[in-house]
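# Secondary and tertiary structure notes
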Amino acid sequence: MTTPTSLREAEMEARARRAVMESGDWLTVDEILQLSGVRSRGDSVHPAQWKQQGDIFTINDHGTDYYPVFGLEKDAGYRPYRVMSKIIDIFKEDKDGWGMAYWFQSINSYLGGKKPQALIGTDPDLVIEAALDEVQGVTHG
């Protein structure tokens, strides 16, 4: 049975997913390979392997996996930041790919009002602390 509350929740989730997809922060496998200068899918470690190894997460929209560009280190040939696997491990019991996407792209009070995705490359330890804070559900007051 559909209730007004469940309808509102579905509408909110649809808006949140649209906002994530429209942010421009997501790449397909082919886009990653193009950025990294790989000529074919067999030339190097494949993004799907990174996902399988827990080095990156994806969101799936209409049957296509999208990888977070903010989780890829440009200076390392667009490979995942090392901190990504630690954060994924922290969230593995609590958040799926979409849950992690929402977290990375949301303003975080633990990070002084910044988004976790903005600090991955510059302050990874602080992002880990914020992830732990999120999972532990610390209450302030």
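Notes on the structure follow. (Residues numbered from 1 in each chain as written. Predicted model: local features only at pLDDT ≥ 70, side-chain atom pairs only at ≥ 80, totals over all residues. Heavy atoms only, no water.)

## Some thoughts on the pattern of salt bridges
Formally: Salt bridge, as used here, is a side-chain nitrogen of Lys or Arg placed within 4 Å of a carboxyl oxygen of Asp or Glu. A run of H or I in DSSP counts as a helix once it spans at least four residues, and a run of E counts as a strand once it spans at least two, with each numbered from the N terminus. Only protein chains enter the area calculation, which uses a 1.4 Å probe; residues under 20% of their type maximum are buried, those over 50% are exposed, and those in between are partly exposed.
A complete count under the given rule lists four salt bridges for this structure. The salt bridge involving Glu13 is made with Arg17; its shortest N-O contact spans 3.1 Å. With Glu13 and Arg17 both in helix α1 (residues 4-22) and four residues apart, this pair spans about one turn of that helix. Judged by its relative accessible area of 39%, Glu13 is partly exposed.

## A closer look at the packing of aromatic side chains
Which entries qualify depends on this criterion: Note on ring pairs: Phe, Tyr and Trp rings are taken, using the six-membered ring of Trp, and paired if centres are within 6.5 Å. Classes follow the plane angle, with under 30 degrees stacked, over 60 edge-to-face and the rest tilted.
A full pass over the atoms with the stated rule returns seven aromatic pairs. Ring geometry for Phe57 versus Phe104: centroids 5.7 Å apart, planes at 10°, classification stacked. Taken as a pair, Phe57 in the loop between α3 (47-53) and β2 (59-61) and Phe104 in helix α5 (residues 97-104) lie far apart in primary sequence, 47 residues in all. Taken as a pair, Phe57 and Phe104 share a single burial class, namely buried.

## Thoughts on α1
Here is the rule: The span expected for a helix works out to 1.5 Å for each residue beyond the first.
If you check α1, its first and last C-alpha atoms are 27 Å apart, about what 19 residues at 1.5 Å a residue would give, namely 27 Å. Gly24 sits one or two residues past α1 and shows a positive phi near 80°.

## Side note on unusual backbone geometry
Residues other than glycine predominantly adopt negative phi, and peptide bonds predominantly adopt the trans conformation. If you check the backbone angles, His62 has positive phi at about 55° while not being a glycine. Locating His62 in the fold gives a position in the loop between β2 and β3 (64-68). Backbone geometry at Tyr78 places phi at a positive 60°, although glycine is not the residue there. Structurally, Tyr78 is set in the loop between β4 (72-73) and β5 (79-80).

## Thoughts on the packing of helix α4 (residues 82-91) against α5
For clarity, the threshold we go by: Helix axes use the C-alpha atoms of the stretch in contact, all axes being lines fitted to C-alpha atoms, and the angles between their N-to-C directions lie in the range 0 to 180 degrees. Crossing handedness is read from the near helix: turned anticlockwise from the far helix by less than a right angle, it gives a left-handed crossing, and turned clockwise, a right-handed one. Two residues qualify as a contact provided that any one of their heavy atoms is within 4.5 Å of a heavy atom in the partner residue. Under the grouping applied here, Gly and all other residues not named as nonpolar or charged are polar, the nonpolar ones being Ala, Val, Leu, Ile, Met, Phe, Trp, Tyr, Cys and Pro and the charged ones Asp, Glu, Lys and Arg.
Viewed as axis vectors pointing N to C, α4 and α5 meet at an angle of 115°, and their least axial separation amounts to 11 Å. α5 is crossed by α4, and the crossing has right-handed handedness. Across the interface between the two elements, Met84, Ile87, Ile88 and Phe91 from α4 touch Met100, Trp103 and Phe104 from α5. Residue classes in the contact of α4 with α5 are distributed as seven nonpolar, no polar and no charged.

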